[in-house]
Amino acid sequence: MKKYIYLALIALLSACADYEDINSNIYGVTDSELKAGGLAYGSAFMKMQQLVIPIGSPDKTTDPGNDLQNTDLISSGNYIGYFGNNNNWGFNIESNWNFREDRMTYAYENFYSKLYRSWNDIYKEANGSEEPNDKATLALANIVKVAGWLRATDVFGPIVYTNAGKGSIAPKLDSQEDVYRAMLADLDESVEILKNYPSLLMNDYDAIYDGNTSKWVKFANSLMLRMSVRVHFKDQALAQEYIQKALDPANGGVIENIEEEAKVQSTSKMPLLNSLLASIDYGETRMGLGIWSYLTGYEDPRISKYFTKGTFFDEAHYLAVAPTNSRSKEMGKNTPEFASKPNVSEGSPLYWMRASEVLFLKAEAALFGLISENPKQLYEEGVTMSFEENGVKGVEQYLKSKSRPTDIDMSNYHYGYYSAKISEKNTSPNWNDMNQASNLSQKEQQFQKIMTQKYLALYPNAVEAWTEYRRTGYPFILPPEDREAPKRIGCTECLAPERFRYSPSEYSNNPNMNEIPSLLGGEDTGATKMWWVREDRPSQR
């Protein structure tokens, strides 16, 4: 009898579009039986996968679509030129650097709180258990937690991490440095637990790797590599310790090919709808002028994979919208409604991490002497992998190109009065091509090449691209079209915000929030730099 009840419960959970929590063991099914099949954790784990980068079921696409607008499309992706907004929302939200209280509360929910609730459902059941399945399940949940909360700390800075799940209604926050150290330790522990796990884990509820723990280990190590490379300008010893762990074959390795990439998309076990579609359908999210400048200037064949052509006076072109647009929403022919759109369909995946990013991380590590490999070779392998990931050809000729990004003027921008020179001190895809107009050293220009191609390969992972721009100063980006935007965060020299601020309501809910300025090393504004920003970050001004 228990067998049939157990199978019925699996069918019920798999068929449920909203994946409601199953909170009790009924009809005599024991806790062990529930955990063995994943039922005790399945609903929460499914939900976690939808919250790292917001995505949801087809009947709920508006909610995750709005969430993704908030986290990636009208904010981070707009700041660094992946997307342009056909709207200014009255200059009253994060699109135009106005970090209004209710919008920052919403952002904190999207980056942190929603994921916390699902992770905590697993943590409460599995923490402290000596059962191998419980320990492995919590290790898996912790990897997903780190993937999601890495975005949270890279947007806000200090967050509750080491005190998460301890039951306090007013938990103490950690500085970003302490968050990174704790996250790296958690990834290391998860790898140790999972690398020798003898069987599939949570495969009925795993839309990323179908329960393949060896692939989860590779993803965890790749996350470890991402984080450890990020901190090398601030703590080289910490970086080297975890770079070595991440790249040690005995620890399971890193993502090396397309099959191993971490992505979330619709499957039979979890029907999903790509969450970019809602904002595209609103007539708001369009091709960003920053990435347009690089893709057109480099004659980059990835442009057709990333965007569709738009129309202007009935002629088809790649048409983009300037960053931080100051114009209100315009609909109809020859308006941004008909600019180029992100090239996605209902089943297009959202990528958490790709093999090309791993190669660019290794290239940076090699350039700065953190590993003993050839940075030029790794750089070119990264570009080659990105071409392969996108199914385009011509990488050999592309890597010989000495082209520069396209400058913007009235002849190629059609949606207002906007011009910008971005080519003069910029770089080309050719590793050996040094820009004589640049005041940067050869090594620094090589670093610029790595980060510029990483920017192109990361698309559309906007938070990650914004983070890397803020950390390194690369790639060079376009200034906001709304020239008043930098004043709203008190940083007139900024080309992009440094961070989101916390909502003032968070301070009234938790008195420990008053420690934010000391943990952050500055005021809680969009102008305060993150911990991992390099001291000698170049300026485009």
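Here is a short report on the structure shown in this document. The model shown is predicted, which means the values in this text are computed figures rather than measured ones. (Residues numbered from 1 in each chain as written. Predicted model: local features only at pLDDT ≥ 70, side-chain atom pairs only at ≥ 80, totals over all residues. Heavy atoms only, no water.)

### What to know about the overall build of the chain
Across its full length, the chain holds 20 helices and 6 strands. Its C-alpha atoms give the chain a radius of gyration of 23 Å, within 12% of the compact-globule value 24 Å for 541 residues. Its C-alpha atoms give the chain principal-axis dimensions of roughly 75 × 55 × 50 Å. Across the 541 residues that make up the chain, the buried fraction comes to 61%. Long-range pairs, those at least 24 residues apart, make up 74% of the contacts in the chain with a sequence separation of at least 6. A total accessible area of about 20,500 Å² is found for the chain, and carbon and sulfur atoms account for 47% of it. The average position of the 56 basic charges and that of the 71 acidic charges among the side chains of the chain differ by 3 Å. (Helix = DSSP H or I, 4+ residues; strand = E, 2+ residues; numbered from the N terminus. Rg over C-alpha atoms; globule rule 2.2 N^0.38 Å. Buried < 20%, exposed > 50% of the residue type's maximum accessible area, 1.4 Å probe, protein only. Contact = heavy atoms within 4.5 Å. Areas by Shrake-Rupley, 256 points an atom, 1.4 Å probe, with all protein chains shown as cover. Lys, Arg positive; Asp, Glu negative; His and termini not counted. Charge placed at Lys NZ, Arg CZ, Asp CG, Glu CD.)

### Concerning the pattern of salt bridges
Using the criterion set out here, one finds 38 salt bridges in the structure. Here Lys362 ties to Glu373 by a salt bridge, and the two come within 3.9 Å at their closest N and O atoms. Within this pair, whereas Lys362 is found in helix α13 (residues 355-367), its partner Glu373 is found in the loop between α13 and α14 (375-389), the two being separated by 11 residues in sequence. Residue Lys362 is classed as buried on the basis of its relative accessible area, which comes to 16%. Assessed through its relative accessible area of 38%, Glu373 is described here as partly exposed. A network of salt bridges, in which partner residues are shared, links Asp154, Arg226, Arg230, Glu357, Glu364, Lys454, Glu464, Glu468 and Arg471. (Salt bridge = Lys/Arg side-chain N within 4 Å of Asp/Glu carboxyl O.)

### Brief notes about the state of the cysteines
Joining two cysteines, a disulfide is a covalent bond between their sulfur atoms. Taken as a whole and assessed by the stated rule, the structure comprises 1 disulfide. Two residues share a disulfide in this structure: Cys491 and Cys494, whose sulfurs sit 1.9 Å from each other. On the sign convention where negative is left-handed, the bridge of Cys491 and Cys494, at about 70 degrees about the S-S bond, is right-handed. A relative accessible area of 4% means that Cys491 is categorised as buried. (Disulfide = S-S within 2.5 Å.)

### Here we look at the side chain of Asn274
Assignment of secondary structure puts Asn274 in the loop between β2 (262-264) and α10 (276-281). A relative accessible area of 1% places Asn274 in the buried class. Within polar-contact distance, the side chain of Asn274 engages the backbone nitrogen of Leu276 at 2.9 Å. (Polar contact = N/O pair within 3.5 Å; in protein donor to acceptor, adjacent residues only side chain to side chain.)

### Focus on the packing of aromatic side chains
Per the stated rule, a full pass over the model turns up 44 aromatic pairs. Arg354 extends its terminal NZ or CZ atom over the ring of Tyr351, reaching a point 3.6 Å from the ring centre. (Phe/Tyr/Trp six-rings, centres within 6.5 Å; stacked < 30°, edge-to-face > 60°. Lys NZ or Arg CZ within 6 Å of the ring centre and 35° of its normal.)

### A look at the nonpolar core
Counting residues in each nonpolar core, the largest one holds 164 residues, and the members touching the most others are Tyr82, Trp216, Phe219, Trp352 and Phe500. For this core, the leading source of residues is helix α6 (residues 132-156), giving 14 residues. The residues contacting Phe219, other than those within four sequence positions of it, are Ile143, Ala147, Tyr209, Ile255, Ala262, Trp352 and Met353. (Core = buried A, V, L, I, M, F, W, Y, C linked by side-chain atoms within 4.5 Å.)

### Topic: helix α7 (residues 176-194)
For α7, with 19 residues, the first-to-last C-alpha span of 27 Å sits near the 27 Å given by 1.5 Å per residue. In this structure, the buried side of α7 is in contact with α6, α8 (213-230) and α9 (236-247). (Expected span 1.5 Å × (residues − 1).)

### A closer look at unusual backbone geometry
Going from Tyr459 to Pro460, the amide bond is cis rather than trans, its omega being 5 degrees. Among the structural elements, Pro460 can be located in the loop between α16 (442-458) and α17 (462-472). Of note, the amide linkage connecting Tyr474 to Pro475 takes the cis form, showing an omega dihedral of 0 degrees. Within the chain, Trp89 stands out as a residue other than glycine whose phi angle is a positive 50 degrees. In this structure, Asn334 takes a positive phi of about 65 degrees despite not being glycine. By the element assignment, Asn334 lies in the loop between β5 (315-317) and β6 (350-353).

### Concerning the side chain of Ser175
Mapped onto the secondary structure, Ser175 falls in the loop between α6 and α7. Overall, Ser175 belongs to the buried group, its relative accessible area being 13%. With near-sequence residues (within four places) excluded, Ser175 lies in contact with Pro158 and Leu519.

### Looking at helix α11 (residues 289-297)
The buried count for α11 comes to 8 of 9 residues, which makes it a mostly enclosed element. For α11, every residue scored as buried is listed here: Leu289, Gly290, Ile291, Trp292, Ser293, Tyr294, Leu295 and Gly297. Close packing links the buried residues of α11 with β3 (285-287), α12 (303-306) and α16. Following α11 by one or two positions, Glu299 has its phi on the positive side, about 50 degrees.

### Digging into the packing of α13 against α16
Contact pair α13 / α16: the axes reach a minimum separation of 10 Å and the direction vectors enclose 170 degrees. Looking at the two axes, α13 sits roughly antiparallel to α16. Counted together, Ser356, Glu357, Phe360, Leu361, Ala363, Glu364 and Leu367 of α13 and Lys443, Gln446, Phe447, Ile450, Met451, Gln453, Lys454, Ala457 and Leu458 of α16 form the full contact between these two elements. In terms of residue class, the contact of α13 with α16 is made up of 9 nonpolar, 3 polar and 4 charged. (Axes fitted to C-alpha atoms, helices over the stretch in contact; angles between N-to-C directions. Parallel < 35°, antiparallel > 145°, perpendicular 65-115°, else oblique. Nonpolar A, V, L, I, M, F, W, Y, C, P; charged D, E, K, R; others polar.)

### So, the environment of Phe45
In this structure, Phe45 sits in helix α3 (residues 39-49). Contact partners of Phe45, with chain neighbours within four places excluded, come to Ile122, Leu140, Ala141, Val144, Met202, Tyr205, Asp206 and Trp216.

### Topic: the packing of helix α5 (residues 101-126) against α6
One can describe the packing of α5 onto α6 by two numbers: an axis separation of 10 Å at closest approach and a directional angle of 165 degrees. With respect to their mutual orientation, α5 and α6 come out roughly antiparallel. Where α5 crosses over α6, the two elements pack in a sense that is left-handed. Partitioning the contact of α5 with α6 into residue classes produces 18 nonpolar, 3 polar and 3 charged. (Left-handed = near helix turned anticlockwise from the far one by under 90°.)

### Considering the environment of Pro158
One can find Pro158 in the loop between α6 and α7. Given a relative accessible area of 1%, Pro158 falls into the buried group. Considering only alpha carbons, one finds Pro158 and Ser503, 345 residues apart in sequence, at a separation of 13 Å. Contact partners of Pro158, with chain neighbours within four places excluded, come to Leu173, Asp174, Ser175, Gln176, Tyr502, Ile516, Leu519 and Leu520.

Spatial relationships are all this shows, so hold off on functional conclusions.
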